[in-house]
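Overview (structure and organization)
Given next are the chains, with one letter for each unit.
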Amino acid sequence: MRIGIQDIDGHNFPNFALMRIAAFHRLKGDSVEMAMPLFGNYDRVYQSKIFTFTPDSSVPWNCEVVKGGTGYYIASRLPDEIERSTAMDYSLYPQHRFSIQFFSRGCIRKCPFCLVRDKEGYITPVEPVQLNPKGEWIEVLDNNFFANPEWKTAIDYLIKQNQPVNLHGVDIRIMNEEQAYWLNQLRLKRSHVHIAWDLPDIDLTDKLREVTQYIAPWKITCYILVGFNSTIEQDLYRIQRCREFKVLPFVMPFRDYENKTQLSQYCKDLAAWVNKPQIFGKVPEFKDFEPCKGFFCSSYLNT
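Overview of the structure. Predicted model only: the values in this text are computed from it and were never measured.

With that settled, the discussion passes to the overall build of the protein. Helix and strand counts for the protein come out as ten helices and twelve strands. In terms of overall size, the protein behaves like a compact globule, its C-alpha atoms giving a radius of gyration of 21 Å where 303 residues would be expected to give roughly 19 Å. Over its C-alpha atoms, taken along the principal directions, the protein stretches across nearly 60 × 45 × 30 Å. Looking at the 303 residues of the protein, the share that counts as buried comes to 47%. Contacts in the protein between residues far apart in sequence, at least 24 positions, make up 70% of those at least 6 positions apart. Summed over all atoms, the accessible surface of the protein reaches about 15600 Å², with 52% contributed by carbon and sulfur. Distance between charge centres in the protein, computed from 36 positive and 36 negative side chains, equals 3 Å.

Next up, the structure:
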């Protein structure tokens, strides 16, 4: 068979499922390539979309088309024979110099803004997949790394690889001194551990104070969800607590699954202030930020 692969979201970050599908077909002896609308002649095209807000493809493929990914169906799954395989085809994304790895799927939490529990269920350890033979570091995409009952096995694996690690999902609400110790044994890519302060009703100030005693604050980036169920005052409180502890905040405006929510100008301006360190460092107060000539964000605080 001749297989075409179409990453609907683009190529800014490798698509985990498509790399597994491509590797599966290559092992069967099929030819696999990124689908070319003008020149491709395929027996089957796999399309994957992660985000519902990504426009769908309008290419009229003259063959079987298999669609998958959360952007199409929240309950979409790979066939069991592909899920059981650890093979990965990194040749689809030669421009990326890293590996993608999961040690668990699912999560212990069921946050109202998040689809992980609905899609993947309660947290379950999974077998690591193949690494990129040309990879220079590892992107660990677990939703809640230390909630995995086999987190220590995952740490041992990463230490053995002796590559820098970018750890995406660390829940500081459950982090303890032992976990922080082992996290410090990893070679961290860009010196960043990614945590989140999504729920404004849960005050993580004390936990931030505790965690920054174990981990240097400049190693930590804190995602802050805005535009979901928080006030401006709650948004600024979380941001300023991060500044107080010298943790780098990163504002994440809420996007709903059905893509019905329109981002407010306030959320865009807040993200523009926080997410550019050169601006955030020079402008200590949101009210003094001027996103466009003649408009200061103090206007948001007076309404």
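A few words on the sheet that holds strand β3 (residues 44–48). The strand order across the open sheet built from four strands is β2-β1-β3-β4, with neighbouring strands paired in parallel fashion. The sheet is open, and its two borders are formed by β2 (31–34) and β4 (64–68), each paired with just one other strand. If you compare each strand with its neighbour and ignore which way they point, the axes differ by 20° on average. By the bridge criterion, five bridges tie strand β1 (residues 2–7) to β3 in an arrangement that is parallel. Each residue of the ladder has a partner; that of G4, found in β3, is V45.

This brings us to the packing of aromatic side chains. A full pass over the atoms with the stated rule returns 21 aromatic pairs. Three or more aromatic residues link up through ring pairs in this structure, and these residues are Y266, W273, F280, F286, F295 and Y300. Against the face of F53 rests R255, its NZ or CZ located 4.2 Å from the ring centre.

Moving on to the nonpolar core. Counting 48 residues, the largest nonpolar core has F145, L183, L270, W273 and F286 as its most contacted members. Looking at this core element by element, the count peaks at six residues for helix α8 (residues 265–274). Non-local contacts of L183, meaning those with residues more than four positions away in its chain, are made with F146, L167, V170, M175, L188, V193 and I215. Among the nonpolar cores identified, the runner-up in size contains 22 residues, and I3, F16, V129 and L141 belong to it.

This brings us to the pattern of salt bridges. Considering all chains together, one arrives at 17 salt bridges under this definition. Two residues, K152 and D156, come together in a salt bridge whose shortest N-O distance is 2.7 Å. Highlighted residues: K152 and D156, both in helix α4 (residues 151–161), separated by four residues, approximately one helical turn. Assessed through its relative accessible area of 27%, K152 is described here as partly exposed. The partly exposed category is assigned to D156, whose relative accessible area is 38%. A single salt-bridge network, built from bridges that share partners, covers R109, D171 and R173.

Positive phi, close to 55°, is recorded for N162, a residue that is not glycine. The phi dihedral of K246 is positive, around 60°, even though this residue is not glycine.

In this section: the side chain of R238. Relative to the helices and strands, R238 is located in helix α7 (residues 232–244). A distance of 2.9 Å separates a polar atom in the side chain of R238 from the backbone oxygen of W197.

Criteria and thresholds
- Sequence positions are assigned chain by chain, starting from 1 and proceeding in written order.
- Only residues with pLDDT of at least 70 get local features here, since the model is predicted, and only at 80 or more are side-chain atom pairs given and counted; chain-wide, interface and lining totals rely on the full set of residues.
- Based on all heavy atoms of the structure, the side-chain values leave hydrogens and waters out of the count.
- Each helix is a run of DSSP H or I of at least 4 residues and each strand a run of E of at least 2, with the numbering of both proceeding from the N terminus.
- The reference for a compact globule is 2.2 Å times residues^0.38; the radius of gyration itself is calculated from the C-alpha atoms.
- Classification of residues uses two cut-offs on accessible area relative to the type maximum, computed with a 1.4 Å probe and protein chains only: under 20% is buried, over 50% is exposed, and between them is partly exposed.
- Only heavy atoms matter for contacts: two residues are in contact if any of them lie within 4.5 Å across the pair.
- Every accessible area reported is derived by Shrake-Rupley at a probe size of 1.4 Å, with residue values counting cover from the shown protein chains alone.
- His is not counted, nor are the chain ends, whereas Lys and Arg count as positive and Asp and Glu as negative.
- Throughout, a charge is located at the NZ atom of Lys, the CZ atom of Arg, the CG atom of Asp or the CD atom of Glu.
- For two strands to pair, DSSP has to find at least two bridges joining them.
- Axis definition: a line fitted to C-alpha atoms, over the contacting stretch in the case of helices. Angles run 0 to 180 degrees between N-to-C directions.
- In summary, the pairing rule links any two rings of Phe, Tyr or Trp, Trp by its six-membered ring, whose centres are within 6.5 Å, and it sorts them by plane angle into stacked for under 30 degrees, edge-to-face for over 60 and tilted for everything else.
- For a lysine, the NZ atom is tested; for an arginine, the CZ atom; a charge sits over a ring if that atom is within 6 Å of the ring centre and within 35 degrees of the ring normal.
- Each nonpolar core is a collection of buried residues, namely Ala, Val, Leu, Ile, Met, Phe, Trp, Tyr and Cys, held together in the definition by side-chain atoms within 4.5 Å.
- Salt bridge, as applied in this entry: a Lys or Arg side-chain nitrogen positioned within 4 Å of an Asp or Glu carboxyl oxygen.
- Side-chain atoms alone can form a polar contact between residues adjacent in sequence; in general such a contact is a pair of N or O atoms within 3.5 Å, and within protein one must be able to donate a hydrogen while the other accepts it.

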